Amino acid sequence: MSEQTVTTYNCDYCSRKLPDDYRTTNGQGKSYYVKKAHDTVPLKTPVSGCTGFVVEVTLGTPKDDHHFTDLCDTCRLKFLKMAVEHLEAKVAAEAEEQEGADNEGEEADV
């Protein structure tokens, strides 16, 4: 009699169980997690003919000792917010620099 193995997929960061909706099996019966499907966010109104976008959030870089790629929605949102805050600050700083450069040009013309 063969023993059945149950495979579960957990968040790499907090160990919370990932939703079973994105679990499937290949032709040999091996279970795997469909990451792109889990990372796809549907759009209510299509943008340029696209009905969704993929939000891949990875904590760490390939050079880091710890590299988290399979994240639950809670952890993805937490790290995505951190990334958005960083990008917003970077864009604001670049806009300030550009505004300062524009003002210098105007003053020089006077």
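This text follows the structure it describes.
The following refers to the structure shown. (Residues numbered from 1 in each chain as written. Predicted model: local features only at pLDDT ≥ 70, side-chain atom pairs only at ≥ 80, totals over all residues. Heavy atoms only, no water.)

## Regarding the overall build of the protein chain
When you go through the protein chain residue by residue, the secondary structure sums to 2 helices and 4 strands. Each helix and strand of the protein chain, placed in order from N terminus to C terminus, yields the pattern β-β-α-β-β-α. Principal-axis analysis of the C-alpha atoms gives the protein chain an extent of 90 × 40 × 20 Å. For the protein chain, the proportion of its 110 residues judged to be buried stands at 13%. The contacts in the protein chain between residues at least 6 apart in sequence include a share of 32% that link residues at least 24 apart. Once the 12 positive and 21 negative side-chain charges of the protein chain are each reduced to a mean point, those two points are 16 Å apart. (Helix = DSSP H or I, 4+ residues; strand = E, 2+ residues; numbered from the N terminus. Buried < 20%, exposed > 50% of the residue type's maximum accessible area, 1.4 Å probe, protein only. Contact = heavy atoms within 4.5 Å. Lys, Arg positive; Asp, Glu negative; His and termini not counted. Charge placed at Lys NZ, Arg CZ, Asp CG, Glu CD.)

## Here we look at the side chain of R76
Within the secondary structure, R76 is located in helix 2 (residues 73–109). A polar contact of 3.5 Å, which involves the side chain of R76, links it to the backbone oxygen of H38. With residues up to four places along the chain from it excluded, the contact list for R76 reads H38, D39, V55, V57 and L71. (Polar contact = N/O pair within 3.5 Å; in protein donor to acceptor, adjacent residues only side chain to side chain.)

## Some words on the pairing of strand 4 (residues 50–54)
Here strand 3 (residues 40–47) pairs with strand 4 via 4 bridges, running antiparallel. Of the residues in strand 4, the one forming a bridge with T40 is V54. Turn length for the strand 3-strand 4 hairpin, with the two strands adjacent in sequence and antiparallel, is 2 residues, and the turn residue S48 shows positive phi of about 55°. (Pairing = 2+ DSSP bridges.)

## Here's the deal with the nonpolar core
Counting 11 residues, the largest nonpolar core consists of Y9, C11, L18, Y33, V55, V57, F68, L71, C72, C75 and F79. If we ignore the near neighbours within four places in the chain, the residues touching Y33 are Y9, L18, P19, Y22, R23 and H38. (Core = buried A, V, L, I, M, F, W, Y, C linked by side-chain atoms within 4.5 Å.)

## A short note on a negative patch on the surface
A surface patch of negative charge is lined by E94, E96, E97, E99 and D102. Checked against the element boundaries, E94 lands in helix 2. You can call E94 partly exposed: its relative accessible area is 43%. (Patch = residues over 30% accessible without salt bridge, like charges linked within 9 Å, V, L, I, M, F, W, Y side chains within 5 Å. Areas by Shrake-Rupley, 256 points an atom, 1.4 Å probe, with all protein chains shown as cover. Salt bridge = Lys/Arg side-chain N within 4 Å of Asp/Glu carboxyl O.)

## A short note on the packing of aromatic side chains
Taken as a whole and assessed by the stated rule, the structure comprises 4 aromatic pairs. Taking the centre distance of 5.3 Å and the plane angle of 40° together, the rings of Y9 and Y33 count as tilted. Taken together, the residues Y9 in the segment before strand 1 (23–25) and Y33 in strand 2 (residues 31–33) connect sequence positions 24 residues apart. Classification of Y9 as buried rests on a relative accessible area of 18%. (Phe/Tyr/Trp six-rings, centres within 6.5 Å; stacked < 30°, edge-to-face > 60°.)

## As for the environment of H38
Here H38 is to be found in helix 1 (residues 35–39). The spatial distance from the C-alpha of H38 to the C-alpha of V55 is 9.1 Å, given a sequence separation of 17 residues. Ignoring sequence-local partners within four residues, the contact set of H38 consists of L18, P19, Y22, Y33, L71, D73 and R76. At 3.1 Å, the side chain of H38 forms a polar contact with the backbone oxygen of L71.

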